[in-house]
Structure formats: C-alpha cells, structure tokens
Amino acid sequence: MSKLILIGIGPDGPTQAGQTALQKVSCVVTAARHKDLISNLPCEILPISPLSEALSKIETRLTLGDVAVLASGDPLFFGIGRSLSTRFGAERLTIHPAISSMQLAFSQLKEPWDDAIFMSLHGRVKPSLAAADQMITSASPREQYADQDLFPALMTQRPLFLFTDPHQRPEIIAAGINRQMETIGLNDSDCRIMVAEELGSDNERITHGTPKSIATQRFSDLNVMIIRLTAPASPTTKFLFGLKETEIAHSRGLITKDEVRSAILHRLRLPQTGVFWDIGAGSGSISIEAARLCPGLTVFAIERNTDQQQNIAINRQKFRLANLHLIPGQAPDPLTELPDPDRVFIGGSGGQLPAIVTIASTRLKAHGIIIASAVTKNTRDTAPRIFHQHGLHVDISTITISREIYPPQANGPLSLNPITIITGSK
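All values derive from a computational prediction rather than experimental measurement.

1. Looking at the overall build of the chain
When you go through the chain residue by residue, the secondary structure sums to 14 helices and 19 strands. In terms of principal-axis extent, the alpha carbons of the chain reach across some 90 × 50 × 45 Å. Taken across its 426 residues, the chain has 50% of its residues classed as buried. Excluding contacts between residues fewer than 6 apart, the proportion of contacts in the chain whose partners are at least 24 apart in sequence is 70%.

Structure follows, in structure tokens:
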C-alpha cells in the first residue's frame with residue numbers, strides 16, 4: 001500500500017528525514033509559499049488549496065505511488081495532519097515534523113510553554129475591521145459579545161497562544177480583549193500581547209504591547225499571538241463552586257440561598273458552552289455561579305431593579321466574569337435581542353410568567369431546560385401548567401431548609417421558606 005508522507009517545513013525547510021523522503025515520492029501536495037523548496041524534484045506538484053479537491057486528488061495519486069504533503073511546522077499541531085489521518089487512516093501516514101511557529105514564538109518570548117493554552121481562530125466568525133469598530137458601541141448583545149470566547153482562557157493566568165487568520169486579525173482580537181477587560185475593571189496594563197509575524201523568514205517581526213497599543217496597528221497575514229493576563233488572580237479562583245451568600249453583593253437579604261442555588265444549578269445541567277438566560281436575576285447569584293462553573297458559557301442576567309443591577313455589576317467585576325452580561329429591563333421585552341438559549345432560569349417574572357415562558361420555550365434550543373423557582377402558591381400552581389402547555393416535560397421538587405450550628409444556640413434552628421423548583425425539559 002502506498003504511503004502518505006506528511007513533511008513539516010521549518011525555518012530551514014524540511015528536516016533531513018523529510019528531504020530524504022521527498023526524493024522517493026511521485027507526487028507532492030503543497031501551498032504556494034513552499035513551492036520553491038521542491039521546484040527541482042522530478043514529480044507532480046499539486047496545490048493544497050482548496051482542501052476538499054486536494055484530498056480527492058491525493059486519494060487518486062495514492063493508487064500510483066507514495067504522496068508527500070508539505071505543511072508548516074508540526075503538521076499535527078492545529079495542522080492538516082488531523083484531516084489526513086481522518087481521511088486516510090493513521091496507519092498509512094508517515095510524519096516528519098519540523099519546529100512549529102508555536103515553539104518559535106515562545107522562544108522569542110523566552111518563556112516556557114508547557115502550561116500554555118492553545119487556540120486556533122481559523123474558520124471562526126469573520127468580522128471586518130469596520131464591523132469590529134462597530135462592536136465597541138453596539139447596543140445589540142448579539143454583536144457586543146461576539147469576541148468573548150478568548151477571555152475565559154486568559155482568566156486562568158496561563159499564556160494563551162493563538163493561531164489567527166486574515167479575518168481574525170491581531171488588532172481585532174486585541175480590541176475585543178480590551179473591551180472585556182474594561183467591563184470587569186482591569187486596566188490595559190494588566191495584559192501583555194506578543195504578535196509574531198512571518199517567523200523564521202527574512203521578514204520576521206516581533207511586536208510587544210498592551211491590547212490598546214496592538215489594536216492600533218496592522219500586521220502581516222502570517223502571524224501568531226501570545227497573550228497573558230498579568231493582573232493578580234482573583235482569590236475566588238481557588239475553588240470552582242460554592243460561593244457563600246456573604247460573598248455575593250445583594251440587597252435586603254434578597255438572594256437565592258446557598259442550598260437552593262446548588263439544587264437549581266444541579267437541575268440546570270449546564271453545558272460547557274452555549275447561552276444561559278437568568279431572568280429576574282436579582283443579585284445575580286445564579287448567573288455568577290453558572291459563569292464561574294462554565295467559563296465558555298455566555299450568561300445573560302436580565303434584571304429590572306436598578307439596585308440589583310448595581311449588585312450584578314459589582315459581582316461581575318469582583319469575580320472577573322467576562323462571560324456574564326447584565327441586561328437591564330423587564331422580561332420579556334429584552335429577550336428579543338438575545339441569542340437563543342440552551343438553558344433558562346426564571347427567578348422572578350414580575351407578573352409576566354406566561355409571556356416569558358412563551359418566548360423562552362419557543363426560542364429554547366433542542367434538549368434545552370427551563371427552570372422556575374416558586375415561593376408563592378400562585379407560581380407553584382401556574383408554572384407547571386404553562387410549561388406543560390408549551391410542550392415541556394415537567395418535574396417538580398420542593399426544598400425545605402433548616403439551618404443550625406453547633407454548639408446549639410438559644411434561638412434554635414433557622415427554618416427558611418420552602419422553595420419549589422419547576423423544571424421543564426425540551
């Protein structure tokens with residue numbers, strides 16, 4: 001059976017093993033920028049783009065003999081290696097990797113990379129520079145939060161390595177990071193960015209700066225980024241779940257109690273990514289725990305009360321939750337501007353429960369979950385019926401909480417009002 005030989009190209013071209021392998025193939029598939037390396041070979045040369053056509057041609061040429069594919073750096077590091085292995089099987093591949101742009105970039109930074117987070121932005125949403133500028137002042141949450149997915153990785157305090165593309169450019173990424181930092185009270189100086197262009201070539205350029213300074217520049221299409229948050233870590237990063245009521249800013253004792261909060265979050269079965277609506281969010285305790293548990297989840301806290309809005313803003317900044325977004329207003333009105341939800345929690349409806357459930361159940365994604373908490377008999381009786389009318393499978397649980405400490409106190413255990421949790425599943 002013919003072999004498919006995957007050869008990495010480093011700053012000095014292929015490794016010696018890769019050069020030897022190239023002498024024995026009948027066909028080479030390569031990007032245009034590597035074509036000069038093989039111009040003297042007596043074999044067929046095919047373009048690697050578009051990839052779908054290249055894969056079909058590789059399959060045909062393999063019936064005639066060994067085929068080589070050239071790729072930058074280590075082809076298994078966010079490279080074509082995955083596609084080739086999936087299409088042709090790992091047993092058919094022979095791989096000769098070269099040093100990767102990631103290794104070159106970290107060597108320029110003179111920092112270890114064994115604790116880094118690696119991401120590629122190829123094929124993501126592709127805003128133009130003009131669209132990115134509009135995001136800064138946009139009133140639409142659909143646009144305003146389009147660039148948030150990088151920030152949870154930064155909050156780990158680990159270096160973040162990014163493969164960019166001609167659309168997701170360093171200046172756009174830096175502008176988005178700066179917006180996120182401002183919303184949680186961090187300064188521009190709390191983040192450092194390195195942009196490495198055309199590594200290993202005569203045009204290599206290394207640029208260091210803050211998000212604001214990088215956002216004002218333009219860079220070559222061939223670049224990678226290393227980003228690190230330098231601000232001290234938040235104390236609450238020491239644990240993942242279990243904030244106490246006393247740690248969350250709230251007013252007049254109006255907060256979902258710890259025991260109830262844990263039960264609600266359990267019933268929500270939060271996805272790692274997606275969209276969560278917290279309607280009638282109050283102080284935002286459910287939103288805060290959800291955003292901390294799932295940094296890749298986009299959490300919208302909808303709240304009409306100005307005092308509680310202020311509490312949510314305080315908590316968002318305190319816990320550095322760039323994936324938590326405050327939406328002022330009385331539901332259901334603000335819901336029309338939000339992305340479709342995977343999960344919905346209704347902590348307060350302001351008398352609008354039927355209208356809220358109608359919109360939420362219609363917009364709810366497949367396998368989604370809606371939960372309402374009820375203190376009053378009216379809500380306990382109404383919510384299950386409305387959930388059922390909208391085609392949701394309904395479960396009902398009532399929680400009674402009694403608190404006491406040891407040694408026992410003179411006033412005895414504290415009994416809290418029972419809370420009914422109504423769960424609707426799609």
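2. Describing the packing of aromatic side chains
If you walk through the whole model with that rule in mind, you get nine aromatic pairs. Seen in terms of ring centroids, Phe77 and Phe118 are 5.2 Å apart; in terms of plane orientation they differ by 85°. Their pairing is edge-to-face. Of this pair, Phe77 sits in the loop between strand E4 (67–72) and helix H3 (81–88) while Phe118 sits in strand E6 (residues 117–120), placing them 41 residues apart in sequence. Given a relative accessible area of 26%, Phe118 falls into the partly exposed group. When the centroid spacing of 5.0 Å and the interplanar angle of 85° are considered together, the rings of Phe161 and Phe163 count as edge-to-face. Judged by its relative accessible area of 0%, Phe161 is buried. By relative accessible area, which is 13% here, Phe163 ends up buried. Three or more aromatic residues joined by ring pairs make a cluster, and in this case those are Phe77, Phe78, Phe106, Trp113, Phe118, Phe161 and Phe163.

3. Focus on the side chain of Ser349
Summarising the element assignment, Ser349 is placed in the loop between strand E14 (343–346) and helix H13 (353–363). Excluding anything up to four places from it in sequence, Ser349 contacts Gln330, Ala331 and Ile356.

4. With respect to unusual backbone geometry
Going from Ala331 to Pro332, the amide bond is cis rather than trans, its omega being 15°. Following Tyr406, the chain continues to Pro407 via a peptide bond in cis, the omega torsion being 0°. Checked against the element boundaries, Pro407 lands in the loop between strand E17 (402–403) and strand E18 (414–415). Unusually for a residue other than glycine, Arg252 sits at a positive phi of about 55°. Residue position: Arg252 is located in the loop between strand E10 (223–229) and helix H10 (258–268). The phi dihedral of His367 falls on the positive side, at around 65°, and the residue is not glycine. As for its placement among the helices and strands, His367 is situated in the loop between H13 and strand E15 (369–374). Exposure remark for His367: the relative accessible area of 66% places this residue in the exposed category.

5. Observations regarding the layout of surface pockets
To locate leftover empty space, one rolls a probe as large as a water molecule over the atoms. Looking at the largest pocket, its volume works out to about 1500 Å³. Mapped by element, the contributors of at least two residues to the lining of the largest pocket are E4, H3, helix H4 (101–109), strand E8 (191–197) and E10. Take the lining of the largest pocket: its biggest share by element is three residues, from E4. Taken together, the residues of the lining of the largest pocket sort by class into 21 nonpolar, 16 polar and nine charged. Lining the second largest pocket are 46 residues, with Gly280, Gly347, Gly348, Ser373 and Val375 positioned closest to its centre. Counting residues per element, the ones that place at least two in the lining of the second largest pocket are H10, strand E11 (274–279), helix H11 (285–293), strand E12 (297–303), E14, H13, E15 and helix H14 (377–389). Class assignment of the residues belonging to the lining of the second largest pocket gives a composition of 19 nonpolar, 22 polar and five charged.

6. Some remarks on the nonpolar core
Core analysis: the largest hydrophobic core is formed by 30 residues, its most contacted members being Ile264 and Phe276. Contact partners of Phe276, with chain neighbours within four places excluded, come to Leu268, Ile286, Ala290, Leu297, Thr298, Val299, Phe300, Arg343, Val344 and Phe345.

7. Overview of H11
For H11, the tally of buried residues reaches eight of nine residues, placing the bulk of the element in the interior. Within the span of H11, buried status applies to Ser285, Ile286, Ser287, Ile288, Glu289, Ala290, Ala291 and Arg292. Elements that come into contact with the buried residues of H11 comprise H10, E11, E12, helix H12 (306–318), strand E13 (324–328) and E14.

8. Brief notes about helix H8 (residues 170–183)
Helix length check: H8, at 14 residues, gives a terminal C-alpha distance of 20 Å against a target of 20 Å (1.5 Å per residue), a fit within 8%. Within H8, 12 of the 14 residues are buried, which leaves the element mostly enclosed by the surrounding structure. Inspection of H8 places Pro170, Glu171, Ile172, Ile173, Ala174, Ala175, Gly176, Ile177, Asn178, Arg179, Gln180 and Met181 among the buried residues, and these make up the whole buried set. Positive phi appears at Gly185, one or two residues downstream of H8, with a value of about 80°.

9. So, the sheet that holds E15
The strand order across the open sheet formed by seven strands is E13-E12-E11-E14-E15-E19-E16, and the pairing between neighbours is mixed. Single-partner strands in this sheet number two, and they are E13 and strand E16 (393–399). Across the sheet, the mean angle from the axis of one strand to that of its neighbour is 15°, orientation sign disregarded. Against the sheet, H10 engages E11, E14, E15, E16 and strand E19 (419–425), with an angle of about 160° to E15. Sheet strands in contact with H12 are E12 and E13, and its direction is about 165° off that of E13.

10. Overview of the side chain of Thr164
Its location among the elements puts Thr164 in the loop between strand E7 (160–163) and H8. What makes Thr164 buried here is its relative accessible area of 4%. For Thr164, the residues in contact, after removing those within four places along its chain, are His122, Pro170, Ile173, Asn223 and Met225.

Rules used in this analysis
Residue positions are given per chain, counting from 1 as you read along its sequence in written order. Residues qualify for local features only when their pLDDT is at least 70, as the model is predicted, and side-chain atom pairs are given and counted only at 80 or more; totals for whole chains, interfaces and linings, by contrast, use all residues. Calculated side-chain values reflect all of the structure's heavy atoms, with hydrogen atoms and water omitted. Secondary structure elements follow DSSP: runs of H or I of four or more residues count as helices, runs of E of two or more count as strands, with numbering from the N terminus. Only protein chains enter the calculation, and the probe is 1.4 Å; a residue is then buried if its accessible area is under 20% of its type maximum, exposed if over 50%, and partly exposed in between. Contacts between residues were defined by any pair of non-hydrogen atoms, one from each residue, lying within 4.5 Å. Pairing of aromatic rings covers Phe, Tyr and the six-membered ring of Trp, with a centre-to-centre limit of 6.5 Å; geometry is then stacked below 30 degrees between planes, edge-to-face above 60, and tilted otherwise. Space inside and on the surface of the protein is sampled on a 1 Å grid over the protein atoms alone, with a cavity defined as a set of points where a 1.4 Å probe fits but cannot get out and a pocket as an open set with protein on both sides within 12 Å along at least 5 of 7 lines; lining residues have an atom within 4 Å of a point. Grid points are joined across faces, edges and corners, and a volume is the space filled by probe spheres set on the points. Put simply, Ala, Val, Leu, Ile, Met, Phe, Trp, Tyr, Cys and Pro go in the nonpolar bin, Asp, Glu, Lys and Arg in the charged bin, and everything else, Gly too, in the polar bin. Residues enter a nonpolar core if they are buried and are Ala, Val, Leu, Ile, Met, Phe, Trp, Tyr or Cys, with the set joined through side-chain atoms within 4.5 Å. Expected span, for any helix, means 1.5 Å times one less than how many residues it has. By the convention used here, strands pair only if DSSP detects at least 2 bridges between them. Interaxial angle, 0 to 180 degrees, is taken between N-to-C directions of lines fitted to C-alpha atoms, where a helix line uses only the stretch in contact.

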